[in-house]
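Below are the chains, spelled out letter by letter.
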Amino acid sequence: MPRTGALLSLSREHHSSLVIARAARQAAESGDSAAFPAMVQRIEEHWRAVLCEHFAREEQLLRLAADEMDAQSAVRVLAEHAELRLLTSGSCELDVPARLQRFGELLAAHVRYEERVLFPQLQSLPGIGSAADEPT
């Protein structure tokens, strides 16, 4: 089903997140500790440039649709957002390779879940397309 409204722009942003998720996993698997700082910086930049606002828009859509959608989907997405926020912050307790691996795996799975489960649910709700176009 083609995406509409804010789901269209959110879906398009998912591509760049899948690219960075793959790069994070590859950096972790390489074992090249000299490459880790640059990858962490890329993730932090992606957070500031894309994910921070992206998550805020998705969470607004979840609030708008809370009474009409599957609560388990919303709980999962919010929990994954919280973990991804932690993984992008300096306060994450994992060592760098484990952090990169977890970030890459979780972000890729998260994007795929949203595309396959969450977005079809949201798009099927009456009025969510027009509500999704409204500014926050």
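Within each chain, residue numbers correspond to sequence positions counted from 1 in written order. Thresholds applied to this predicted model are a pLDDT of at least 70 for local features of residues and 80 or more for the giving and counting of side-chain atom pairs; totals over whole chains, interfaces and linings are not thresholded and use all residues. Only hydrogens and water are set aside when side-chain values are computed; all heavy atoms of the structure are taken into account.

Q: What's the story with helix α4 (residues 96–124) in this structure? I'm lost.
A: Since the α-helix packs 3.6 residues into each turn, any two residues three or four apart lie on the same face. Only DSSP runs of H or I reaching four residues or more are called helices, and only runs of E reaching two or more are called strands; each is numbered from the N terminus. How far a helix is expected to stretch is found by multiplying one less than its residue total by 1.5 Å. Spanning 29 residues, α4 covers 40 Å between terminal C-alpha atoms, matching the ideal 42 Å at 1.5 Å per step. The largest bend in α4 comes to about 45°, at E114. Counting of polar contacts relies on pairs of N or O atoms within 3.5 Å, with two restrictions inside protein: one atom must be capable of donating a hydrogen and the other of accepting it, and residues adjacent in sequence are counted only when both atoms are side-chain atoms. N-cap assignment for α4: the residue whose side-chain oxygen lies 3.0 Å from the backbone N of A98 is D95. What we call the bend at a residue is the angle made by axes fitted to the seven residues finishing there and the seven residues starting there.

Q: Whenever I open this one, the packing of aromatic side chains confuses me. Can you help?
A: A ring pair, where both rings are aromatic, is described by two values, the distance of the centres and the angle of the planes. Two rings belonging to Phe, Tyr or Trp (six-membered ring only in the last case) form a pair when the distance between their centres is within 6.5 Å. Interplanar angles under 30 degrees mark stacking, angles over 60 mark edge-to-face geometry, and anything in between is tilted. Applying the stated criterion to the full structure yields 1 aromatic pair. A centroid spacing of 5.6 Å and a plane angle of 75° characterise the contact between W47 and F55, whose relative ring orientation is edge-to-face. For the pair W47 and F55, one class covers both residues: buried. The positively charged end of R76 is found above the aromatic ring belonging to Y113, 3.8 Å away from the centroid. The buried label applies to any residue whose accessible area, calculated with a 1.4 Å probe on protein chains only, is under 20% of its type's maximum; exposed applies above 50%, and partly exposed to all values in between. Think of it as a cone above the ring: NZ of Lys or CZ of Arg counts as a charge over the ring if it is within 6 Å of the ring centre and within 35 degrees of the ring normal.

Q: What should I look at first to understand the nonpolar core in this one?
A: General note: in soluble globular proteins, nonpolar side chains tend to be found buried as a group. Joining through side-chain atoms within 4.5 Å is the link that ties buried Ala, Val, Leu, Ile, Met, Phe, Trp, Tyr and Cys residues into a set, and such a set is a nonpolar core. Of all hydrophobic cores here, the largest spans 22 residues; its most connected members are M39, I43, L84, L100, F103 and L107. Of all the secondary-structure elements, those providing two or more residues to this core are α1 (5–30), α2 (36–64), α3 (71–88) and α4. Ranked by residues supplied to this core, first place goes to α2 with 7 residues. We call two residues in contact when some of their heavy atoms are within 4.5 Å. For I43, the contacting residues outside a window of four places in its chain are I20, A24, T88, L100 and F103. In terms of nonpolar packing, the next biggest core, distinct from the first, is built from 13 residues, L10, L61, L62 and L118 among them.

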